[in-house]
Amino acid sequence: MKVSTGIRGLDKVLDGGIPQGSAIVLEGAPGTGKTTLAMQFLYKGIVDHGEPGIFFSFEEFPDQIYEDMKSYGWDLKDLERKNKLRVIGISPDIFLDQMASKDGLFEQLVREIDCRRIVIDSISLLEYLPDKTGENGRSLLYTLRNIVRKFGLTSLFIQELSSLDRRKIPFEHFIADGVIRLSLKEHMNIFRKRTLEVTKMRGTKINEGEHIYQITEKGIYLLLASQIVTDKYISDQKIKTGIPELDNLLGGGMAKGAVYMLDTNSKANYRHIVGAIYAERVKAGNRVLSLLSSTQTVTELKALIDLYGIDLDQLAREKRLYFIEHYNRPFPAGWEGSVFHVHGMENEDYDRFLREKCTGLMKECKENHEDWFAYYDLSTIFNERGAEYVLRSFAKETAFARSLGMTVLVLCNFKEVGEQAASFLERTSNGVFKTWVDGSYQYLQVTKSPDGQISKPYLLESIDQKPYIRLV
Ligand SMILES: Nc1ncnc2c1ncn2[C@@H]1O[C@H](COP(=O)(O)OP(=O)(O)OP(=O)(O)O)[C@@H](O)[C@H]1O
Ligand SMILES: [Mg+2]
């Protein structure tokens with residue numbers, strides 16, 4: 001069972017919320033919003049989920065807390081009157097005594113309001129308590145965790161973080177079921193950004209990364225690092241890539257009618273990424289338009305797609321495949337009708353060819369409700385038509401593909417085309433996959449997608465069966 005944190009973004013980071021009954025350390029430097037987040041957890045728990053809570057404060061008086069929390073529009077006194085909340089100002093040593101004793105103040109309070117959630121603000125002082133029972137601060141924390149577990153309370157233990165004690169992993173992290181860290185960081189010299197990171201959470205998968213949050217007049221608002229601005233005009237119909245893990249990252253597949261860049265570098269092996277997608281599209285009955293680079297021959301493409309159990313020969317004869325050929329290379333017998341030779345064609349003529357020949361063909365198919373998929377190598381256009389041509393025509397072609405519902409996969413090497421062109425291409429496409437080699441590993445990451453989902457870098461592993469690669 002998951003318990004909502006009262007912060008929508010944080011619930012998403014935690015795949016639904018905090019596992020019920022967990023003891024979580026909430027740590028951060030002074031002023032990062034620990035008290036606010038913890039109180040929001042209690043407040044929303046009561047108001048939205050009917051879970052009463054207790055807030056123990058070692059440092060501030062309840063009146064101060066009521067006052068501070070008013071700025072978020074939270075009327076804590078009202079909740080106290082309704083026996084849903086208790087805000088207790090107490091010294092740490094008395095608190096520990098009461099907590100450890102059977103039928104002490106702690107147990108009474110928990111029973112009195114049928115408490116489900118607690119906050120302790122903060123446990124930092126516990127370590128420095130004079131040693132009464134022969135236990136040190138660390139085992140006090142251990143005891144604390146066991147008591148809240150016994151009562152099945154979902155709890156937040158606030159921990160002050162000063163920059164001094166960062167050397168080792170604090171003991172609290174080992175004991176706690178989860179750790180949430182709030183940080184305040186320098187950002188673009190003058191701004192500071194607040195970030196939240198979940199570094200541990202037993203019993204749930206977590207969305208890794210530093211997520212930015214803001215303290216607003218309604219409390220804490222968190223934006224997921226993997227959620228950026230979306231393209232609303234792209235259809236939400238998804239088409240499969242043939243790589244199951246990639247489909248998952250993309251929320252089901254590539255968006256139909258969207259233009260995706262595959263950014264590769266020379267060392268990275270992208271053939272199976274392309275092969276899997278290409279084969280999957282052909283299998284789905286798409287007509288495919290391809291523009292191969294000078295280094296990829298049609299024979300090679302045929303061999304690659306053959307691995308996926310698809311005979312391109314037959315498809316070419318049936319005119320389901322088309323090629324735009326810049327290098328005047330020979331094509332297998334029977335394919336003649338599917339190849340447009342554009343070798344030596346001026347840019348203007350090439351433009352006219354695209355406008356007239358290609359679009360005519362595609363519109364015709366659209367009328368027959370046939371879908372198109374295009375795969376092309378942008379380096380060929382850069383080399384043969386010039387960077388200026390690419391920058392001038394890419395946006396136009398992208399819009400055109402979208403209007404026809406044609407899904408496009410563009411191979412490109414961002415490093416090679418230069419920063420300015422790369423940034424333009426990245427902006428203009430609807431999705432970007434990057435693959436690169438670092439040391440002896442190859443990675444793949446979705447850095448842009450029409451519905452705003454981006455991913456962490458995944459390792460690419462070779463496997464023996466289709467699709468021959470797996471994301472780990
Ligand atoms: N209504 C509000 N809107 C925006 N920011 C606010 C509002 N109210 C308080 N803040 C900011 O929230 C911050 C304090 O949050 P909070 O007290 O929860 O932090 P904390 O981590 O508990 O700090 P401490 O270590 O001092 O206890 C302050 O810096 C304050 O400027
Ligand atoms: Mg505080």
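Note: the structure precedes this text.
Overview of the structure. Note that this is a predicted model, so its numbers are computed, not measured.

### Focus: the overall build of the protein
Piece 1. A tally of regular secondary structure across the protein gives 17 helices and 23 strands.
Piece 2. Expected size for 472 residues packed as a compact globule is a radius of gyration near 23 Å; at 30 Å, the protein overshoots this value by more than 25%.
Piece 3. If one aligns the C-alpha atoms of the protein with their principal axes, the spans along those axes are about 90 × 45 × 40 Å.
Piece 4. Here the protein holds 472 residues, and the buried ones make up 52% of them.
Piece 5. Taking all contacts inside the protein whose residues are at least 6 apart in sequence as the whole, residues at least 24 apart take part in 66%.
Piece 6. Split by element, the accessible area of the protein, about 22700 Å² in all, is 50% carbon and sulfur.
Piece 7. Here the protein carries 62 positive and 65 negative side-chain charges, and the mean point of each set is 2 Å from the other.

### Quick word on the sheet that holds strand β18 (residues 372-377)
Within a sheet, adjacent strands bond to each other through the backbone by hydrogen bonds, running parallel or antiparallel.
Piece 1. Taken in spatial order, the ten strands make up an open sheet running β17-β16-β15-β18-β19-β14-β20-β21-β22-β23, and their pairing is mixed. Both edges of this open sheet fall to β17 (339-341) and β23 (469-471), since each of them pairs with a single strand only. Ignoring which end each strand starts from, the neighbouring axes of this sheet average 20 degrees apart.
Piece 2. The pairing of β18 with strand β19 (residues 407-412) spans five bridges and is parallel. Within β19, the position partnered with Y375 by the bridge is L409.

### A word on the site of ligand 1
Piece 1. Ligand 1 sits among 15 residues. The nearest are G31, G33, K34, T35 and T36.
Piece 2. G31 is positioned such that a nitrogen or oxygen atom in its backbone is 2.9 Å from an oxygen atom of ligand 1.
Piece 3. The contact in question runs from an oxygen atom of ligand 1 to an N or O atom on the side chain of K34, over 2.8 Å.
Piece 4. Calculation on ligand 1 without its partners gives an accessible area of 650 Å², and the protein chains cover 62% of this total.
Piece 5. Counting residues per element, the ones that place at least two in the shell around ligand 1 are α2 (34-49) and β10 (211-216).
Piece 6. When residues in the shell around ligand 1 are grouped by element, the largest group, three residues, is from α2.
Piece 7. Considered class by class, the residues forming the shell around ligand 1 number four nonpolar, seven polar and four charged.

### Section: the environment of A422
Piece 1. Tracing the sequence through the fold places A422 in helix α17 (residues 419-428).
Piece 2. Along the primary structure A422 and C412 are separated by ten residues, whereas in three dimensions their C-alpha atoms are 8.9 Å apart.
Piece 3. Those residues in contact with A422, other than ones at most four positions away along the chain, are F414 and V417.

### A closer look at the pattern of salt bridges
Piece 1. Inspection of the entire model under this criterion finds 24 salt bridges.
Piece 2. Ionic pairing is found between D78 and R81, a salt bridge with its closest N-O pair at 3.7 Å. Taken together, the residues D78 and R81, both in helix α4 (residues 76-81) and three residues apart, mark about one turn of the helix.
Piece 3. On the accessibility criterion, R81 (60% relative accessible area) is exposed.

### With respect to the environment of I324
Piece 1. With respect to the element layout, I324 can be found in strand β16 (residues 321-325).
Piece 2. Each C-alpha atom of the pair I324 and V342 lies 6.8 Å from the other, and the pair is 18 residues apart in sequence.
Piece 3. Excluding its chain neighbours within four sequence positions, the residues that come into contact with I324 are L289, S290, L291, L292, F340, V342, Y350, F353, L354 and C358.

### Structural notes on helix α3 (residues 62-70)
Side chains three or four residues apart in an α-helix point the same way, a direct result of the helix having 3.6 residues per turn.
Piece 1. Those residues of α3 that fall on the buried side of the exposure criterion are P62, I65, Y66 and M69. Viewed along the axis of α3, the buried residues span an arc of 100 degrees, placing them on a single side of the element. In this structure, α3 carries D63 and K70 as exposed residues pointing more than 90 degrees from its buried face.
Piece 2. Where α3 is buried, its residues contact α2, β4 (53-57), α4 and β5 (85-89).

### Observations concerning the packing of helix α14 (residues 378-385) against helix α15 (residues 387-404)
Piece 1. α15 packs onto α14 with a crossing angle of 125 degrees between their chain directions and a minimal axis gap of 6 Å. By the angle between their directions, the pair α14 and α15 is classed as oblique. Across the interface between the two elements, L378, I381, F382 and R385 of α14 pack against A387, Y389, V390 and F394 of α15.
Piece 2. Residues belonging to the contact of α14 with α15 are distributed by class as follows: seven nonpolar, no polar and one charged.

### Some remarks on the packing of α15 against α17
Piece 1. Across the interface, α15 lies against α17 with an axial gap of 10 Å and an inter-helix angle of 10 degrees. It follows that α15 is roughly parallel to α17 by the angle criterion. Across the interface between the two elements, V390, L391, F394, A395 and T398 of α15 pack against A421, F424, L425 and T428 of α17.
Piece 2. Class assignment for the residues of the contact of α15 with α17 results in seven nonpolar, two polar and no charged.

Conventions adopted
- Residues numbered from 1 in each chain as written.
- Chains lettered and ligands numbered in written order.
- Predicted model: local features only at pLDDT ≥ 70, side-chain atom pairs only at ≥ 80, totals over all residues.
- Heavy atoms only, no water.
- Helix = DSSP H or I, 4+ residues; strand = E, 2+ residues; numbered from the N terminus.
- Rg over C-alpha atoms; globule rule 2.2 N^0.38 Å.
- Buried < 20%, exposed > 50% of the residue type's maximum accessible area, 1.4 Å probe, protein only.
- Contact = heavy atoms within 4.5 Å.
- Areas by Shrake-Rupley, 256 points an atom, 1.4 Å probe, with all protein chains shown as cover.
- Lys, Arg positive; Asp, Glu negative; His and termini not counted.
- Charge placed at Lys NZ, Arg CZ, Asp CG, Glu CD.
- Pairing = 2+ DSSP bridges.
- Axes fitted to C-alpha atoms, helices over the stretch in contact; angles between N-to-C directions.
- Near = heavy atom within 4 Å.
- Polar contact = N/O pair within 3.5 Å; in protein donor to acceptor, adjacent residues only side chain to side chain.
- Nonpolar A, V, L, I, M, F, W, Y, C, P; charged D, E, K, R; others polar.
- Salt bridge = Lys/Arg side-chain N within 4 Å of Asp/Glu carboxyl O.
- Arc of directions from axis to C-beta.
- Parallel < 35°, antiparallel > 145°, perpendicular 65-115°, else oblique.

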